[in-house]
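Given next are the chains, with one letter for each unit.
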Amino acid sequence: MATATAAALKRDVKEATFSWVGQDKAGKTVRGEMRAGGESQVTATLRRQGIKIVRVRKQSARRGGTITERDITFFTRQLATMLKSGVPLLQAFDIVGKGHENPAVQRLLLDLKTEVETGSSLKQAFAKYPLQFDALFVNLVGAGEQAGILDTVLERLATYKEKILAIKSKIKSALFYPCAVIVVAIVITAVIMIFVIPAFKNVFASFGADLPAPTLLVMAISDFFVEYWFFMAAGIGGAAWAFFATWKRSTKMQMVMDRLLLRVPIFGNLVRKSAIARWTRTLATMFAAGVPLVEALDSVAGAAGNFEYFAATKKIQTEISTGTSLTIAMQNSDVFPNMVVQMVSIGEEAGSLDSMLSKVADFYEAEVDDAVDALQSLMEPLIMVVLGTLIGGMVVAMYLPIFKLGQVV
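Sequence order as written defines the numbering, with residues in each chain counted from 1. For a predicted model such as this one, the threshold for reporting local features is a pLDDT of at least 70, and the threshold for listing and counting side-chain atom pairs is 80 or more; totals across whole chains, interfaces and linings nevertheless cover every residue. Side-chain metrics rest on all non-hydrogen atoms present in the structure, leaving aside hydrogens and water.

## Side note on the overall build of the protein chain
What counts here: Comment: elements are numbered from the N terminus, with helices defined as DSSP H or I runs of at least four residues and strands as E runs of at least two. As defined in this context, the radius of gyration uses C-alpha atoms, and a globule is described by 2.2 Å times the residue total to the power 0.38. Only protein chains enter the calculation, and the probe is 1.4 Å; a residue is then buried if its accessible area is under 20% of its type maximum, exposed if over 50%, and partly exposed in between. Any two residues whose heavy atoms approach within 4.5 Å are treated as being in contact. Throughout, the Shrake-Rupley method with a 1.4 Å probe supplies accessible areas, and for residues the shown protein chains are the sole cover considered.
Looking only at helices and strands, one finds 16 helices and 3 strands in the protein chain. Against the globule reference of 22 Å for 409 residues, the protein chain gives a C-alpha radius of gyration of 30 Å, more extended than a compact globule. For the protein chain, the C-alpha atoms occupy an extent of roughly 100 × 60 × 40 Å along the three principal directions. Here the protein chain holds 409 residues, and the buried ones make up 38% of them. In the protein chain, the proportion of contacts linking residues at least 24 apart, taken out of those at least 6 apart, comes to 61%. About 22,500 Å² of surface is accessible on the protein chain, with carbon and sulfur atoms providing 62% of the total.

## Description of unusual backbone geometry
Positive phi values are uncommon outside glycine, yet Asp-334 reaches one of about 60°. Here Asp-334 shows up in the loop between helix 14 (326-333) and helix 15 (338-350). In this structure Asp-334 comes out as exposed when scored by relative accessible area, which is 68%.

## Re the packing of aromatic side chains
Heads up, the rule is: Aromatic pairing here means that ring centres of Phe, Tyr or Trp (its six-membered ring) are within 6.5 Å. Orientation follows from the plane angle: under 30 degrees is stacked, over 60 is edge-to-face, and everything else is tilted.
Throughout the structure, instances matching the rule amount to 15 aromatic pairs. Ring geometry for Tyr-228 versus Phe-231: centroids 6.5 Å apart, planes at 55°, classification tilted. With Tyr-228 and Phe-231 both in helix 9 (residues 213-249) and 3 residues apart, this pair spans about one turn of that helix. The interplanar angle of 90° and the centroid separation of 5.1 Å between the aromatic rings of Phe-363 and Tyr-364 together place this pair among those described as edge-to-face.

## What to know about helix 7 (residues 135-147)
Short version of the rule: For a helix, the expected span equals 1.5 Å multiplied by the number of residues minus one. Polar contact criterion, stated in full: a pair of N or O atoms within 3.5 Å, where within protein one must be able to donate a hydrogen and the other to accept it, and residues adjacent in sequence count only if both atoms are side-chain atoms.
Helix length check: helix 7, at 13 residues, gives a terminal C-alpha distance of 18 Å against a target of 18 Å (1.5 Å per residue), a fit within 8%. For helix 7, the elements touching its buried residues are helix 3 (69-84), helix 6 (122-127), helix 8 (150-204), helix 11 (267-288) and helix 12 (293-303). Among the residues of helix 7, the N-terminal cap falls to Asp-134, whose side-chain oxygen and the backbone nitrogen of Phe-137 are separated by 2.9 Å. Just past helix 7, the residue Gly-148 takes up positive phi, approximately 75°.

## Some words on a nonpolar patch on the surface
Applied cut-off: Residues with no salt bridge and a relative accessible area higher than 30% make up the patches, which join like charges within 9 Å and nonpolar side chains (Val, Leu, Ile, Met, Phe, Trp, Tyr) within 5 Å. In the sections that follow, a salt bridge refers to a side-chain nitrogen of Lys or Arg positioned within 4 Å of a carboxyl oxygen of Asp or Glu.
A surface patch of nonpolar side chains, about 440 Å² in accessible area, is lined by Val-183, Val-187, Val-191, Phe-195 and Val-196. Tracing the backbone shows Val-191 in helix 8. Residue class for Val-191 comes out partly exposed when judged on its relative accessible area of 39%.

Here you go:
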């Protein structure tokens, strides 16, 4: 009861950041920062640590910066390296926090350090920030704390996040080029239709001759653009906003879109390979850290980033909990290639499931790299053909009357 009351009081007190200077038991000057409800709380906490207070000062609030997945990955790698080197946990938080350029990351690490200082486990501290540390991260840290291998688990977690980040970066780079070119093509086409072609139309009005059909078609499209460009822009913008708003809020729509995405020619194969790579990498990391298989599948379900694999993982989890082997459950799900199922079967029989899953993840990550390179090689000439046909067609259509006039002269 007393603990609950203290926790409630702590939530009601508005915490701030305090910088402090003091002396340790050896008389050495030490300094740092702490999140607390007041100077008295900072003083009491430091005295319990055997530090004689020299000065405590409240810091002004720092703004700016957002915490990205790359920041969390970099922090995980740094923390794993320091713990491997024998640096105490609280000191590691201090070093990483002070060395980071992002104020938001500095505040996060300071808050985490304060949580640990006040008696929370590292798992509990991370669990209070679900936007930055997902269930996979929290569960792995908890397993590492219980087994006494936190440094090893953090190292595996850092490797996992680096590889997942690399896959996402590859896919984004594959999408960026065609998307950028399409946007530029739309803007150029709109400018030509609204400003350039009407100027040609005024010139052709004095010709006093019939215009070719392609020229008349382009001019008609231009007239439509000039008349309704505002409504077209508003309609496209509104449709895009409505689509993404519905997609974020509707689970059913996300499931439909994810299934359709897997069936898109060429690109769907890349998404499927990426999902399998993330699925196997996540399960390998969780299993190597000693997390029970049924419990690990909770985190694995959302790690693939696709609802079809989420549903398949939940089905696999249900079958395993009733005594079915992982190999049979994966085979029944009908979303994994035969090679993946066979590798898992060998891993189960040999007692090296985490190693086999890691090998499968390595293979599919390499497949994603090759698929992205092939996709970029395919998209470049395809985009050039489309742009050439679109822009070139308009130019030829507008110059046909000039060519016709030259022949008459």
